[in-house]
Amino acid sequence: MAPHIVVLGGSLAGVNVIKRLEKAIGSSANITLIEERDHFYIPYAALRSVVDPKFANTIWVPYTSLFKNLPNGKVVQARAVAIHEKQVVLANGSAIDFDYLVIATGSKMPAPGKTQKVTKAEGIKESTAVYNALKSAKRVAIVGGGSVGIELAGELTTDMPHLQVDLITSGATVLDGAPKILPTMINATTARLAKIPNLKVHTGHRVSGGITADLAENGYTLAPTTLTSDTGLSVSADVAFLATGIARPNSDAAAALGQGVLDARGYVLTTKTGQLPAFPHIFAAGDVAALDEIKTGMLAQKQATLVADNLAALVKGGKATKEYAAATDAMMVLPIGRNGGTAQMPFGFIMGDRTAKMIKSGTLFVPMMWGPAEREGSGGLKRAE
């Protein structure tokens, strides 16, 4: 009987594991994707959705062609609540057995950086509400000077020039504390932000007041608020965002496997092959895995390739031999609006607007995620009941 592979999580890592397995083992295994959302959601493009309603529709991609060449593949739209040695338990009380499992459940981050909505309809409703509030607003505050806060400031100031945007960070600079970001990248980003006439950056201010309940819970508030800092800064805003970039791994289900599965921060511990030490038939990849300190879409895909290749080797009766090498430096393309940004490239090269727009800012990689079947509205997705 063909082995049953379950991929838990249908974001970048999970989807790329399935695509890689399709090439490596074809129909020699049955593959099930368990995913709570009804569409593939593109988190790294989400910030533009609050300034461009048409764009919001494109960041939710149907799983239409995911199993187009895997007749035994299926999607189960459900939330996993526990993982056991050979079984995933779902919120509805049912369970799915597996021979091999890939944990690719990603991480949680407040909207608009990463919505917690699970359907396309709910997600678009949320981004539309934010867009409508921004249209009538005059002043916007963003708490957080990392990549999320900077990207959001760029989207707002570019597409909504009527807004006065205040970016507040506790760091001495923007990108302060970001792993493996070079001082030259920080300097270039600071200089680029200084050129935006309707943006004011406040460094060295830790916000301690004005964080309303909805701002803390949702990552944004559409009601007027006044943010105050421990240094006496006071910023009033019609709309405010909490963009600290603090993400929490979605590892609650994995915790059911027992002690030693998660590290102190909640990430799933693996060997360099992507396998859980006590459960070599279970793998982890992407934001939920402790494989790499740096969490980016590019590295999630790299981990997915490694995990899929090692899993395929096990299915074929071999051994998992490929090992992951953590990034020694960070490659970052940081959009600051749709027309540019900054970029930290390999070997420490720092680039500006032209490179940032060409690589990422212009399209945010969205067209790459839409395959021919999705664009044509065809395909044979088999959704389990």
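The rules behind the values
- Per chain, the residues get numbers from 1 upward, laid out in the order the sequence is written.
- Restriction of local features to residues with pLDDT of at least 70 applies here, the model being predicted, together with a cutoff of 80 or more for giving and counting side-chain atom pairs; totals for whole chains, interfaces and linings are based on all residues.
- Excluded from the side-chain calculations are hydrogens and water; all other atoms, namely the structure's heavy atoms, are used.
- Secondary structure counts use DSSP, requiring at least four H or I residues in a row for a helix and at least two E residues in a row for a strand, with both numbered from the N terminus.
- Each residue is assigned to one of three classes by its accessible area relative to the maximum for its type, calculated with a 1.4 Å probe on protein chains only: buried under 20%, partly exposed between the two thresholds, exposed over 50%.
- Counted as positive: Lys and Arg. Counted as negative: Asp and Glu. His and the chain ends are not counted at all.
- Whenever Lys or Arg places a side-chain nitrogen within 4 Å of a carboxyl oxygen from Asp or Glu, that contact is recorded as a salt bridge.
- We call two residues in contact whenever any of their non-hydrogen atoms come within 4.5 Å of each other.
- DSSP calls a pair of strands paired once it identifies at least 2 bridges connecting them.
- Think of each axis as a best-fit line through the C-alpha atoms, taken over the contacting stretch in the case of a helix, with angles from 0 to 180 degrees between the N-to-C directions.
- Small angles under 35 degrees read as roughly parallel and large ones over 145 as roughly antiparallel, with 65 to 115 read as roughly perpendicular and the rest as oblique.
- Crossing handedness is defined as follows: a turn of the near helix away from the far one that is anticlockwise and smaller than a right angle gives a left-handed crossing, while the clockwise case is right-handed.
- Gly is put with the polar residues, along with every residue not named as nonpolar or charged; the nonpolar set is Ala, Val, Leu, Ile, Met, Phe, Trp, Tyr, Cys and Pro, and the charged set is Asp, Glu, Lys and Arg.

(A) Spotlight on the side chain of Glu-126. Here Glu-126 is to be found in helix 3 (residues 120-136). Buried charged residue Glu-126 carries no salt bridge. Nearest counter-charge: Lys-117, at 4.7 Å. When residues no more than four places from it in sequence are discounted, the contact partners of Glu-126 are Ala-111, Thr-115, Lys-117 and Tyr-220.

(B) Region of the structure containing the pairing of strand 22 (residues 332-335). With burial as the criterion, each face of strand 22 is covered, one bearing Met-332 and Leu-334 and the other bearing Val-333 and Pro-335. With four bridges connecting them, strand 22 and strand 23 (residues 341-344) associate as antiparallel partners. The residue bridging Pro-335 from the neighbouring strand is Gly-341, located in strand 23. Counting the residues in the hairpin turn of strand 22 and strand 23 gives five residues, including Gly-337, whose phi is positive at 85°.

(C) Expanded view of the packing of helix 1 (residues 12-25) against helix 7 (residues 297-315). At a minimum axis distance of 8 Å, the contact between helix 1 and helix 7 shows a crossing angle of 40°. Considered as vectors, helix 1 and helix 7 are oriented oblique to each other. When you trace helix 1 past helix 7, the crossing you get is right-handed. Contacts between helix 1 and helix 7 involve Leu-12, Ala-13, Asn-16, Val-17, Arg-20, Leu-21, Ala-24 and Ile-25 from the former and Gly-297, Ala-300, Gln-301, Ala-304, Thr-305, Val-307, Ala-308, Asp-309, Leu-311, Ala-312 and Val-315 from the latter. Of the residues belonging to the contact of helix 1 with helix 7, the class tally is 13 nonpolar, four polar and two charged.

(D) Inspection of the sheet that holds strand 11 (residues 139-143) at higher detail. What the five strands build is an open sheet, ordered 13-12-11-18-15; its pairing is mixed. Each edge of the open sheet carries a strand with a single partner, namely strand 13 (199-203) and strand 15 (220-221). As judged from the five bridges shared by strand 11 and strand 12 (residues 164-169), these two strands associate in the parallel manner. Its bridge partner lying in strand 12, Ile-142 is registered against Leu-167. Contacts from helix 3 reach strand 11, strand 15 and strand 18 (239-242), with the element oriented near 135° to strand 18.

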